[in-house]
Amino acid sequence: MKKINGIDNFSLSCESIITIGTFDGVHKGHQKILKKIVDDSKKLNLKSIVLTFFPHPRTVLNPKTPLKLINTIGERKSHFENLGIDILITHPFDKNFSELSPEEFVRDILITKLNVKKILIGYDHRFGKNRVAGIDDLKKLALKYKFDVNEISVEEQNNVSISSTKIRNSINEGKIEIAKSFLGYNYTIKGKVIKGNMIGRTLGFPTANLEIKENYKLLPKNGVYLIYTLLEEQIYYGMMNIGIKPTLKSNKQTIEVNLFGWGKDIYDQSIQIFVLKFIRDEKKFSSLNKLTNQIKIDKKTCLEYIKKK
């Protein structure tokens, strides 16, 4: 997959089929569009293109209410590549870009730069200044500029429409299994292992403390989770605590992972955590002994779930 950062200095001589959007989560609804683009590109001998944006347009247009994202930009790129897209264009979304009229966007970007012959787009896609244009406007412009528009209907899961917003809400609420059912894959967190205060080790549960550099990454609500990761090409299950460690009178949010059966040093390594299930809310305990006893219960609960898998 060819990765292009910014469309200003890019143009395509061959004809293309394209879809456009932020694609946060690259969920099942997105995957339906992306798989069709790849299939159609092969049938019609067109280059398959995804035009996406970073930062998220809502963050630029509503800076007072910044949006946490399901995927980091790196995670999103990996999903596109795995789905077989030919060209990924990640364009910086800014005020100037948001001022383009619907026709300017179609004429100057899609036709002049990307040589578009077919567009696959979600039924609810909006574009142009103030998001004034919808699918019907795009179809009118398609007649003028001679390209085809294929509208993709809403993807549904158990009669509930799938959306990035619903997935974000599920993750925020710790409903990890619901999020997975919409995403079609396990929600993940990737970070660098850094040194913590070693309290977990003294309690008999050594932890890997994760540092996530992308501050826009959405994290589940504070609490304990069943997780797994891949180390040395093997799966290791474990439990993860996200929170401020109230028993230890901390006020800084941390992400700590205790891996079952792993005893090696992994400081400074980057690891990917696959989040499987919410176990319990974070709680303040009256003593370290009571905290230790609860962690033992948490581990037992996690091991019981693992046996059922």
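The structure contained in this document is the topic of the report that follows. Here the structure is a predicted model, which is why all the values come from computation and not from measurement. (Residues numbered from 1 in each chain as written. Predicted model: local features only at pLDDT ≥ 70, side-chain atom pairs only at ≥ 80, totals over all residues. Heavy atoms only, no water.)

## Re the overall build of the chain
Put simply, the test is: Each helix is a run of DSSP H or I of at least 4 residues and each strand a run of E of at least 2, with the numbering of both proceeding from the N terminus. Remark: exposure states derive from per-residue accessible area (1.4 Å probe, protein chains only) relative to the maximum for the residue type, with buried under 20%, exposed over 50%, and partly exposed in between. A contact between two residues is defined here by any heavy atoms of the two lying within 4.5 Å.
Within the chain one finds ten helices and 14 strands. Overall, the C-alpha framework of the chain stretches about 75 × 40 × 40 Å when taken along its three principal axes. Here the chain holds 309 residues, and the buried ones make up 50% of them. For the chain, the proportion of contacts with a sequence separation of at least 24, taken over those separated by at least 6, is 75%.

## Quick word on the layout of surface pockets
This is how it is decided: Buriedness of a pocket was judged along seven lines, with at least five required to meet protein on both sides within 12 Å; pockets are open sets of points on a 1 Å grid over the protein atoms alone, cavities are sets where a 1.4 Å probe fits but cannot get out, and lining residues have an atom within 4 Å of a point. Grid points are joined across faces, edges and corners, and a volume is the space filled by probe spheres set on the points. Only Asp, Glu, Lys and Arg are considered charged in this grouping, and only Ala, Val, Leu, Ile, Met, Phe, Trp, Tyr, Cys and Pro are considered nonpolar; every other residue, Gly among them, is considered polar.
When its volume is computed, the largest pocket comes out at roughly 1200 Å³. For the largest pocket, the lining is made up of 45 residues, of which Gly 21, Thr 22, His 125, Arg 126 and Arg 131 are closest to its centre. Going through the elements one at a time, strand E2 (16-20), helix H1 (28-44), helix H2 (57-61), helix H4 (95-98), strand E5 (116-122) and helix H7 (164-172) are the ones with two or more residues in the lining of the largest pocket. Tallied by class, the residues present in the lining of the largest pocket amount to 16 nonpolar, 18 polar and eleven charged.

## Some thoughts on the nonpolar core
Applied cut-off: The term nonpolar core refers to a set of buried residues drawn from Ala, Val, Leu, Ile, Met, Phe, Trp, Tyr and Cys, joined through side-chain atoms within 4.5 Å.
Counting residues in hydrophobic clusters, the biggest one holds 31 residues, and the most contacted among them are Ile 167, Tyr 187, Ile 189, Ile 227, Met 240, Ile 273 and Val 275. At the level of elements, H7, helix H8 (176-183), strand E9 (188-194), strand E10 (208-211), strand E11 (223-231), strand E12 (234-243), strand E13 (254-259) and strand E14 (270-281) are the ones that each hand at least two residues to this core. When residues in this core are grouped by element, the largest group, four residues, is from H8. With residues near it in sequence (within four places) discarded, Ile 167 still touches His 27, Ile 70, Ile 162, Ala 179, Phe 182 and Leu 183. Judged by nonpolar contacts, the second largest core, of 30 residues, contains Ile 20, Ile 49, Leu 110 and Leu 141.

## A short note on the pattern of salt bridges
How we decide: Salt bridge, as applied in this entry: a Lys or Arg side-chain nitrogen positioned within 4 Å of an Asp or Glu carboxyl oxygen.
Counted according to the given criterion, the structure contains 17 salt bridges. Its salt-bridge partner being Lys 117, residue Glu 15 comes within 3.9 Å of it at the nearest N-O pair. Remark: Lys 117 occurs in strand E5 and Glu 15 occurs in the loop between strand E1 (2-5) and E2; sequence separation between them is 102 residues. Among the residues examined, Glu 15 registers a relative accessible area of 39% and is labelled partly exposed. Assessed through its relative accessible area of 30%, Lys 117 is described here as partly exposed. Of the charged contacts in the structure, one is a salt bridge between Lys 144 and Glu 103, with a shortest N-O distance of 2.5 Å. Placement of the pair is Lys 144 in helix H6 (residues 135-145) and Glu 103 in helix H5 (residues 102-111), with a sequence separation of 41 residues. A residue is classified by how much of its surface remains accessible, and Glu 103, at 27% relative accessible area, is partly exposed.

## With respect to the sheet that holds E11
We apply this condition: Pairing between two strands is assigned when DSSP locates at least 2 bridges connecting them. Fitted lines through C-alpha atoms serve as axes, helices being fitted only where they are in contact, and the angles separating the N-to-C directions of these axes extend from 0 to 180 degrees.
One closed barrel accounts for six strands, arranged E9-E10-E13-E12-E11-E14; its pairing is antiparallel. Pairs of neighbouring strands in the sheet enclose a mean axial angle of 45°, with direction left out of account. With six bridges connecting them, E12 and E13 associate as antiparallel partners. Bridge pairing in E13 places Met 239 opposite Asn 258. This element, helix H10 (residues 288-308), spans E11, E12 and E14 of the sheet and lies at about 105° to E14.

## A few points about the pairing of strand E4 (residues 87-91)
By the criterion of burial, E4 is predominantly enclosed, with five of the five residues buried. Of the two faces of E4, the one holding Ile 87, Ile 89 and His 91 and the one holding Leu 88 and Thr 90 are both buried throughout. As paired strands, E1 and E4 are joined by four bridges and run parallel to one another. Across the sheet, residue Lys 2 finds its bridge partner in E4, namely Ile 87. Relative to E4, strand E3 (residues 47-53) runs parallel, the two being bridged by five bridges. Note that in E4 the partner of Thr 52 across the bridge is Thr 90.

## Focus on the sheet that holds E4
Reading across from one edge, E1-E4-E3-E2-E5-E6 is the order of the six strands in this open sheet, with parallel pairing throughout. Every interior strand has two partners, whereas the edge strands, E1 and strand E6 (148-152), have only one. On average, each strand axis in the sheet is inclined to that of its neighbour by 20°, with strand direction left out of account. As defined by bridge partners, E2 adjoins E5 across three bridges and the pair is classed as parallel. The residue bridging Ile 18 from the neighbouring strand is Ile 119, located in E5.

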